[in-house]
Structure formats: structure tokens, C-alpha cells
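Letter by letter, the chains look like this.
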Amino acid sequence: MALLVLSASAQELPRRDEVYSARVSRVFDGDTVWVKPLAGGRYRKLRLEGIDAPEICQSGGKASRDVLGQRVLNQVVEVRVRAQDDYGRGIARIVHQGDDVAAWMVSAGQAWSYRWRRSLGPFAEEESLARARKRGLFKEPAPELPRDFRKRHGPCPMPPRG
């Protein structure tokens, strides 16, 4: 019986290297969206690959969410799921009108290139240019990385259902 439950729940998880078109139905924050595949099926929660946007309760968090929403909410995007994170979200490259949305968010100064160990991440050039041009978050002299914010404050409280 447990094997059947495991097998059924595995089918609900995003598959690695899955590619599909979807409509963005909700923008949760600056790096997390909900999409509905155009071919049908369940809504899926996705995290943009390669970036870290401010937490929604962090300075700049709502602005980052709003900028992403203005770009992709209710729009059709191409999704390529690369992996799954610890929260069950698909980690995905999302393309809208030919643009990598994650790269676009970093270029707009609304997210950081995701740092890993000593790497400045996949969008280091876009971040450097956004910093030089003082775009978005980088208007501030020392914007706090979301991972540092989470270490100091923990996760943001869930917003009330409305």
C-alpha cells in the first residue's frame, strides 16, 4: 500500500527537464509563480531558476513581486523544469516573449543572481550592470541578500487569505 502512495505522489511532482507552455496565474513573490499548463493538468508552483528575490516581508519584496507580475501575470510563458526544491516547487527556466524572465528580473534590479559557494551565479553580469545603473534594489547602498535576511528573521509570515 505504501508503495502505491509513493508512486502516486511521485506523479504529482514536477519532472526534470519537462518543457511546456503555461499561463501564469499567480505571482507569489519576485521568484515564485503559479502556472496552469496550456495542455491541461494541475496548477504548478515554480521557482525561477538562478535568482534570489527579496522576501515578500523584506524591503523591496513587494516591489519585486509587482514588477514580475506586471511582466508575466496572465501571460503565456514557456517553462523548462530543471529540478525540484525542498518545498516541492519546480525550479524552472521561464521564457516570456523570447526573454529569460530570471535574467530580466536581475537586469531590472529586482533580484540577485543566485550565489552558490564562491560563484556569483548565472546572472552575475546582469547584476553588475543593474548595480552600476542603480536599478531597483540596487538604488540602496547595501541591499540585504534574501538568504541573510532569512537567517536573521526566519521566513515571512503567510499572508492572510483574502
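What counts as what
- Residues numbered from 1 in each chain as written.
- Predicted model: local features only at pLDDT ≥ 70, side-chain atom pairs only at ≥ 80, totals over all residues.
- Heavy atoms only, no water.
- Helix = DSSP H or I, 4+ residues; strand = E, 2+ residues; numbered from the N terminus.
- Polar contact = N/O pair within 3.5 Å; in protein donor to acceptor, adjacent residues only side chain to side chain.
- Contact = heavy atoms within 4.5 Å.
- Phe/Tyr/Trp six-rings, centres within 6.5 Å; stacked < 30°, edge-to-face > 60°.
- Buried < 20%, exposed > 50% of the residue type's maximum accessible area, 1.4 Å probe, protein only.
- Lys NZ or Arg CZ within 6 Å of the ring centre and 35° of its normal.
- Pairing = 2+ DSSP bridges.
- Disulfide = S-S within 2.5 Å.

A separate point is the side chain of aspartate 31. Along the chain, aspartate 31 falls in the loop between strand E1 (18-29) and strand E2 (32-37). Within polar-contact distance, the side chain of aspartate 31 engages the side chain of threonine 32 at 3.1 Å. Among the polar contacts listed, one links the side chain of aspartate 31 to the backbone nitrogen of alanine 53, at a separation of 2.9 Å. With residues up to four places along the chain from it excluded, the contact list for aspartate 31 reads Leu46, Arg47, Leu48, Ile51, Asp52, Ala53 and Leu68.

Within this structure, the stated rule accounts for one aromatic pair. Aromatic pair tryptophan 112 and phenylalanine 138: ring centres 5.9 Å apart, planes at 85°, arrangement edge-to-face. Separated by 26 residues along the polypeptide, tryptophan 112 in strand E8 (residues 112-113) and phenylalanine 138 in the loop between helix H4 (124-132) and helix H5 (146-153) bring together distant segments of the chain. As far as the burial class goes, tryptophan 112 and phenylalanine 138 line up, both buried. Geometry around phenylalanine 28 places lysine 45 over its ring, the cationic atom sitting 5.0 Å from the centre.

What follows covers the pairing of E2. Pairing of E1 with E2, which is carried by six bridges, proceeds in the antiparallel orientation. Bridge pairing in E2 places arginine 23 opposite lysine 36. Connecting E1 to the next strand, E2, in antiparallel fashion are two residues. Sheet topology places E2 next to strand E3 (residues 44-48); four bridges connect them, and they run antiparallel. Counterpart to tryptophan 34 in the pairing with E3 is lysine 45. Linkage of E2 to E3, two consecutive antiparallel strands, is achieved through a turn of six residues, within which glycine 40 is found at a positive phi near 105°.

Structurally, glycine 121 can be placed in the loop between E8 and H4. Between the alpha carbons of glycine 121 and glycine 50 there is a distance of 6.8 Å; along the sequence they are 71 residues apart. Not counting chain neighbours up to four residues away, the residues in contact with glycine 121 comprise Ser113 and Tyr114.

Turning next to the state of the cysteines. In this structure the tally under the stated criterion is one disulfide. Note on cysteine connectivity: cysteine 57 is disulfide-linked to cysteine 156, with sulfurs 2.0 Å apart. Of note, the bridge from cysteine 57 to cysteine 156 carries an S-S torsion of about -80° and is left-handed in sense. You can see cysteine 57 sitting in the loop between strand E4 (51-52) and helix H2 (61-72) and its partner cysteine 156 sitting in the segment after H5, a full 99 residues away along the chain. Taking the relative accessible area as the measure of exposure, cysteine 57 reaches 42% and is therefore partly exposed.

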